[in-house]
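Survey of secondary and tertiary structure
Here's the letter readout for the chains.
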Amino acid sequence: MAGKINTYGEFQDFMDACCVKVQADPDLSGHGRWWRQMDHNEFVTTGEVKHRRVVVVGDPDNSVVIQALRGVPPDFADDPGALFGRMPQNAAAFFDVADIDEIADWIKRGCPNGGGAVPAS
């Protein structure tokens, strides 16, 4: 059901809940809970993880967070040649497709933070 995420705080809580669901501990990863380490403005303008922009506002398919969660080749594929592999690594499972779609929907709607969409940069 699209529309569960309507603010950056809801996105942060959703990411935490998804990690719990798949038994992933992002604190043991090389990037930690990056969604808790930046505010909404940084997330939508300059936010990076491992020197890669996390989100392209309005464009989930070109947002690294979606590519990583879906396992999009070549960087996030489930093969030894991938730079990073699909996220979350070392979890009991990957995020459900429906959960990834919720995040993608929020990005497509412009990453609103309760006051409407953020203008595309």
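The structure contained in this document is the topic of the report that follows. Given the structure is predicted, the values throughout are model-derived calculations rather than measurements. (Residues numbered from 1 in each chain as written. Predicted model: local features only at pLDDT ≥ 70, side-chain atom pairs only at ≥ 80, totals over all residues. Heavy atoms only, no water.)

1. Some remarks on helix 1 (residues 8-21)
- In this model, helix 1 (14 residues) spans 20 Å end to end at C-alpha, consistent with the 20 Å of a helix rising 1.5 Å per residue.
- All of the buried residues in helix 1 are Tyr8, Phe11, Gln12, Phe14, Met15, Asp16, Cys18 and Cys19.
- Buried residues belonging to helix 1 abut helix 2 (40-45) and helix 4 (97-108).
- One or two positions beyond helix 1, positive phi appears at Gln23, with a value near 60 degrees. (Helix = DSSP H or I, 4+ residues; strand = E, 2+ residues; numbered from the N terminus. Expected span 1.5 Å × (residues − 1). Buried < 20%, exposed > 50% of the residue type's maximum accessible area, 1.4 Å probe, protein only. Contact = heavy atoms within 4.5 Å.)

2. Overview of the packing of aromatic side chains
- If you walk through the whole model with that rule in mind, you get ten aromatic pairs.
- On the basis of an interplanar angle of 40 degrees and a centroid distance of 5.3 Å, the ring pair of Phe11 and Phe43 is categorised as tilted. A residue pair is termed long-range when its members are at least 10 positions apart, and Phe11 in helix 1 and Phe43 in helix 2 qualify at 32 residues. Grouping residues by exposure puts Phe11 and Phe43 together as buried.
- When the ring of Trp34 is compared with that of Trp35, the centres are 5.4 Å apart and the planes differ by 90 degrees; the resulting orientation is edge-to-face.
- The buried category is assigned to Trp34, whose relative accessible area is 8%.
- Put simply, the rings of Tyr8, Phe11, Trp34, Trp35, Phe43 and Trp106 touch in pairs and so form one group of aromatic residues.
- For the cation-ring pair, Arg86 lies above Phe94, with the distance from its terminal atom to the ring centre recorded as 4.2 Å. (Phe/Tyr/Trp six-rings, centres within 6.5 Å; stacked < 30°, edge-to-face > 60°. Lys NZ or Arg CZ within 6 Å of the ring centre and 35° of its normal.)

3. Description of the pattern of salt bridges
- What the rule picks out here adds up to nine salt bridges.
- Among the ionic pairs, Arg52 bridges to Asp75, the shortest N-O distance being 2.6 Å. Residue Arg52 is found in strand 2 (residues 52-53), and its partner Asp75 is found in the loop between helix 3 (64-70) and helix 4; the two are separated by 23 residues along the sequence.
- For Asp101, the salt bridge identified is with Arg70, shortest N-O distance 3.3 Å. Of the two residues, Asp101 is situated in helix 4 and Arg70 in helix 3; the sequence distance between them amounts to 31 residues.
- Asp101 gets classed as partly exposed once you look at its relative accessible area, which sits at 36%.
- One salt-bridge network, held together by shared partners, links Asp13, Asp16, Arg33 and Arg36. (Salt bridge = Lys/Arg side-chain N within 4 Å of Asp/Glu carboxyl O.)

4. Notes on the packing of helix 1 against helix 4
- Taken N-terminus to C-terminus, the directions of helix 1 and helix 4 make an angle of 165 degrees; their axes are 11 Å apart at the nearest point. Taken together, the axis directions place helix 1 and helix 4 in an arrangement best described as roughly antiparallel. With respect to the hand of their crossing, helix 1 and helix 4 are arranged in left-handed fashion. Contact residues: Tyr8, Phe11, Phe14, Met15, Cys18 and Lys21 in helix 1; Asp99, Glu102, Ile103 and Trp106 in helix 4.
- Partitioning the contact of helix 1 with helix 4 into residue classes produces seven nonpolar, no polar and three charged. (Axes fitted to C-alpha atoms, helices over the stretch in contact; angles between N-to-C directions. Parallel < 35°, antiparallel > 145°, perpendicular 65-115°, else oblique. Left-handed = near helix turned anticlockwise from the far one by under 90°. Nonpolar A, V, L, I, M, F, W, Y, C, P; charged D, E, K, R; others polar.)

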